[in-house]
Amino acid sequence: DILLTHGPPAGVGDFTKNGEYAGCVDLLEEVQCRVKPLYHCFGHIHEANGVYSDGTTTFINAAICNSAYKARQPAYVVDLPKRMFPPNVYTEPSSNSPML
């Protein structure tokens, strides 16, 4: 449901103060074609802080520092929908289960 990476995918929250796009093309392909998360959170490109969407994934550039490395950007809080896990994926541990 959530993908966390350091840097952004190409063309999403990756526009720099130098007028260049600095995101990763391979990461964009993985996010949109294979992983398809609800949320992709990243930072690295401080000046492109913001929320973006492609209709499937909400992309959040959560860099809180500006380009001068001062914490001046807004933080984001995401409320995730409650998810029901199928029984074969998740089960509650029993009271006699050994702790790992």
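None of the values given here were measured: they were computed from a predicted structure.

Glancing now at the overall build of the chain. For the chain, the helix and strand inventory stands at one helix and four strands. For the chain, the α and β elements follow one another from N to C terminus as β-α-β-β-β. Within the span of the chain, comprising 100 residues, buried residues form 27% of the whole. Counting only contacts in the chain whose residues sit at least 6 apart along the sequence, the fraction spanning at least 24 positions is 40%. A total of about 7400 Å² of accessible surface is found on the chain, and carbon and sulfur atoms cover 55% of it.

This paragraph deals with helix H1 (residues 25–35). Within H1, the full set of buried residues consists of Leu27, Leu28 and Val31. Projected down its long axis, H1 carries its buried residues within an arc of 105°, all on one side. Across H1 from its buried face, at more than 90 degrees, point the exposed residues Val25, Asp26, Cys33 and Arg34. Looking at the buried positions of H1, the neighbouring elements they touch are strand S1 (2–4), strand S2 (39–42) and strand S4 (58–61). At the exit of H1 stands Lys36, carrying a positive phi of roughly 50°.

Here we take up the sheet that holds S1. With mixed pairing, four strands are arranged side by side in an open sheet as S1-S2-S4-S3. In this open sheet, the two strands that pair with only one neighbour each are S1 and strand S3 (50–53). On average, each strand axis in the sheet is inclined to that of its neighbour by 20°, with strand direction left out of account. In the sheet, S1 pairs with S2 via three bridges, with the strands oriented parallel. Bridge pairing in S2 links Leu3 to His40.

About the thresholds
Residues numbered from 1 in each chain as written. Predicted model: local features only at pLDDT ≥ 70, side-chain atom pairs only at ≥ 80, totals over all residues. Heavy atoms only, no water. Helix = DSSP H or I, 4+ residues; strand = E, 2+ residues; numbered from the N terminus. Buried < 20%, exposed > 50% of the residue type's maximum accessible area, 1.4 Å probe, protein only. Contact = heavy atoms within 4.5 Å. Areas by Shrake-Rupley, 256 points an atom, 1.4 Å probe, with all protein chains shown as cover. Arc of directions from axis to C-beta. Pairing = 2+ DSSP bridges. Axes fitted to C-alpha atoms, helices over the stretch in contact; angles between N-to-C directions.

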